[in-house]
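# Overview (structure and organization)
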Amino acid sequence: MMNRVSGGSWNEFVPISRIIMTPGPVEADPRVLRAMSYPILGQFDPAFTELMNETMGMLRELFRTDNRWAYPVDGTSRSGIEAVMASLIEPGDKVLVPIFGRFGHLLHEIAERCGGRVITLEKPWGTVFDPAELIEAIGREQPDVVAMVHGETSTGRMQPLAGIGEACRRHGALLIIDAVATIGGTPVDTDAWQLDAVIGGTQKCLSVPSGMAPITYNDRAERKIVARKRIERGLRSNTASLPLQEAPPGPSPIQSNYLDLAQLQDYWSPKRLNHHTEMTSMLYALHEGLRLVLAEGLEARFKRHRMHESALMAGLTSMGLSMYGDPLSKLPMVTCVQIPECVDGEMVRSMLLHQFGIEIASSFGPLAGRIWRIGTMGYSCRQTNILHLLGSLEAVLLRAGVKLPAGEAVQAALDAYEEARVG
Ligand SMILES: *Cc1c(COP(=O)(O)O)cnc(C)c1O
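Note that this is a predicted model, so its numbers are computed, not measured.

The secondary structure content of the chain amounts to 13 helices and 13 strands. Since a compact globule built from 423 residues should have a radius of gyration of about 22 Å, the 23 Å found for the chain is in line with a globular shape. With the principal axes as the frame, the chain shows a C-alpha extent of 80 × 60 × 55 Å. Counting over 423 residues, the chain shows a buried share of 54%. Of all intrachain contacts in the chain linking residues separated by at least 6 positions in sequence, the fraction that spans at least 24 positions is 73%. In the structure as shown, the chain presents an accessible area of about 18,600 Å², 54% of it carried by carbon and sulfur atoms.

For soluble globular proteins, the rule of thumb is that nonpolar side chains tend to be buried together. One finds Y71, M85, I176, Y217 and L261 to be the most contacted residues of the largest nonpolar core, which totals 86 residues. Setting aside its immediate chain neighbours within four residues, Y71 contacts M56, L59, A213, P214, I215, Y217, L261, L264, Q265 and W268. Among the nonpolar cores identified, the runner-up in size contains 29 residues, and L352, V396, A416 and Y417 belong to it.

Scanning all chains against the criterion turns up 22 salt bridges. For the salt bridge of E166 with R170, the shortest nitrogen-to-oxygen distance reads 3.8 Å. Within this pair, E166 and its partner R170 are both found in helix α6 (residues 164-170), separated by four residues, close to a single helical turn. A salt bridge links D266 to K229; the nearest nitrogen and oxygen atoms lie 2.9 Å apart. On the criterion of sequence distance, the pair formed by D266 in helix α8 (residues 261-268) and K229 in helix α7 (residues 219-238) is long-range, its members being 37 residues apart. Both residues of the pair, D266 and K229, belong to the buried class. Ionic contacts of the salt-bridge type, sharing partners, join the residues K94, E136, R140 and E141 into one network.

Moving on: the UniProt feature "domain: Aminotransferase class V" (unreviewed entry) in the chain. Here the UniProt-annotated "domain: Aminotransferase class V" (unreviewed entry) positions come out as residues 47-217. End C-alpha to end C-alpha, residues 47-217 measures 26 Å, and it is 35% helix and 24% strand.

Let's shift gears to the site of the ligand. Every residue close to the ligand is listed here: T76, S77, R78, I81, F103, G151, T153, D178, V180, A181, Q203 and K204. One of the side-chain N or O atoms of T76 is found 2.7 Å from an oxygen atom in the ligand. Taking T153, its side chain carries an N or O atom lying 2.6 Å from an oxygen atom of the ligand. Counting residues per element, the shell around the ligand draws most heavily on helix α3 (residues 77-88), which supplies three residues. A breakdown of the residues in the shell around the ligand according to their chemical character gives four nonpolar, five polar and three charged.

Turning our eyes to something else, we now look at the packing of aromatic side chains. Inspection of every chain in the model, using the stated rule, returns seven aromatic pairs. Geometrically, the ring pair formed by W69 and Y71 is edge-to-face, given 6.1 Å between the ring centres and 90 degrees between the ring planes. Taking the relative accessible area as the measure of exposure, W69 reaches 3% and is therefore buried. An angle of 80 degrees between the planes, with centres 6.1 Å apart, marks the rings of Y71 and Y217 as edge-to-face. Residue Y71 is found in strand β2 (residues 69-74), and its partner Y217 is found in strand β10 (residues 212-217); the two are separated by 146 residues along the sequence.

Now for helix α4 (residues 102-113). With 12 residues, α4 extends 17 Å from end C-alpha to end C-alpha; this agrees with the ideal 16 Å at 1.5 Å per step. All of the buried residues along α4 are F103, G104, L106, L107, I110 and A111. Down the axis of α4, the smallest arc covering the buried residues is 155 degrees, so these residues share one side. Contacts made by the buried residues of α4 are with α3, β3 (94-99), β4 (117-122), β5 (145-149), β6 (151-152) and β8 (174-178). Directly after α4, the chain includes G115, whose backbone phi takes a positive value near 90 degrees.

So, about the domain arrangement of the chain. As assigned here, the chain comprises domain 1 (30-292) and domain 2 (298-422). Of note, the centres of domain 1 and domain 2, computed from C-alpha atoms alone, are 32 Å apart. In this assembly, 26 residues from domain 1 lie in contact with 27 residues from domain 2. For the pair domain 1 and domain 2, the two sides together bury roughly 2,100 Å², of which 62% comes from carbon and sulfur. For domain 1, the biggest contributors to the area lost against domain 2 are W125, R157 and C205; these three give 24% of the whole.

Basis of the calculations
Residues numbered from 1 in each chain as written. Predicted model: local features only at pLDDT ≥ 70, side-chain atom pairs only at ≥ 80, totals over all residues. Heavy atoms only, no water. Helix = DSSP H or I, 4+ residues; strand = E, 2+ residues; numbered from the N terminus. Rg over C-alpha atoms; globule rule 2.2 N^0.38 Å. Buried < 20%, exposed > 50% of the residue type's maximum accessible area, 1.4 Å probe, protein only. Contact = heavy atoms within 4.5 Å. Areas by Shrake-Rupley, 256 points an atom, 1.4 Å probe, with all protein chains shown as cover. Core = buried A, V, L, I, M, F, W, Y, C linked by side-chain atoms within 4.5 Å. Salt bridge = Lys/Arg side-chain N within 4 Å of Asp/Glu carboxyl O. UniProt positions renumbered as here; feature names shortened; annotations may be inferred. Near = heavy atom within 4 Å. Polar contact = N/O pair within 3.5 Å; in protein donor to acceptor, adjacent residues only side chain to side chain. Nonpolar A, V, L, I, M, F, W, Y, C, P; charged D, E, K, R; others polar. Phe/Tyr/Trp six-rings, centres within 6.5 Å; stacked < 30°, edge-to-face > 60°. Expected span 1.5 Å × (residues − 1). Arc of directions from axis to C-beta. Domains from an automatic or database assignment. Buried area = accessible area lost by both parts, 1.4 Å probe.

Here is the structure:
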């Protein structure tokens, strides 16, 4: 018989280091990784609750908001999206979901699971909506909630949001924005754009590992959340005596316990009502990641993302490669490249990874096998990475038999860097 007890023969896991040029997860800043190795604090230790408060203060700056509520949900970005949607969509609510890529479909699915009556609008992949179309649709449909993506990583497009929040307010709708890919890399102006609830991501432009979802929401959103909480309490104490059909009419309780923003905000408030155990080491990481973002300065950071994007595009174009999608709505931190006809895209990705230690991404659904997606996010977004990628991609394509002007890509990127630094 086989001995099932293997004792101490398991291998220690030490990952090799990679250059990660995908739309997430990206390389974490070494200072963030160091923060994760600090000793554990109890969740009600004053040193820890002070860290929670500081993190909230930094998140307000990141989201450019005066909202009272800005804190992380524990889980990947999807948990933040689900917490916001489950707390703001009541069964029977009319929800408008404009879709221009894969993550729009995710919002659609979650809105349906929350019991929303969902109406979708779709744009062909590679394009975005004209804000006027959305403003018109909001007036026509009179939804209770509008949920949409800001930076669509699947297609590398960015939806302009100005004017949409104002239309939502005029028609009494709440506006939920998935800014997972854009937060910390390009402006997300929560208050100026009148966004009612915004979800950010850690493993993208913040360069913190995956595992937390920073969110913020305003008073309009909070009112709906708190109303659903009051009824929930009432129901709970009355269930024994009230027959089901006599349940009081009014807001329905939030379905999830873990993702109930009414409970989470009580935990993040000075009341510190116990909910879950806050993710100690992840909060150290997020705090350090936010500190580094704000020390660099938001505007400087946005400019840096644009500069490296330009150098990358200059290199790719001079190799003779074509970009995918409408150039006017390009997402600064994701560059989608058309895979040349004669080339096996997966072979190129595999060779980049195994011979050069560089990871780039493929895409989903209709774009699978047609484009590569190159991420330039956060700590991964730096000159050495861009130059290594361009040199390596050129070598791989030459090896695959593609005819291209050898040596020009890196020179074009170096030129772009020189121009950026002079101008
Ligand atoms: C990455 C991403 C998500 C999902 O994030 P997870 O952390 O994987 O849950 C959601 N929306 C957008 C736009 C993204 O780019």
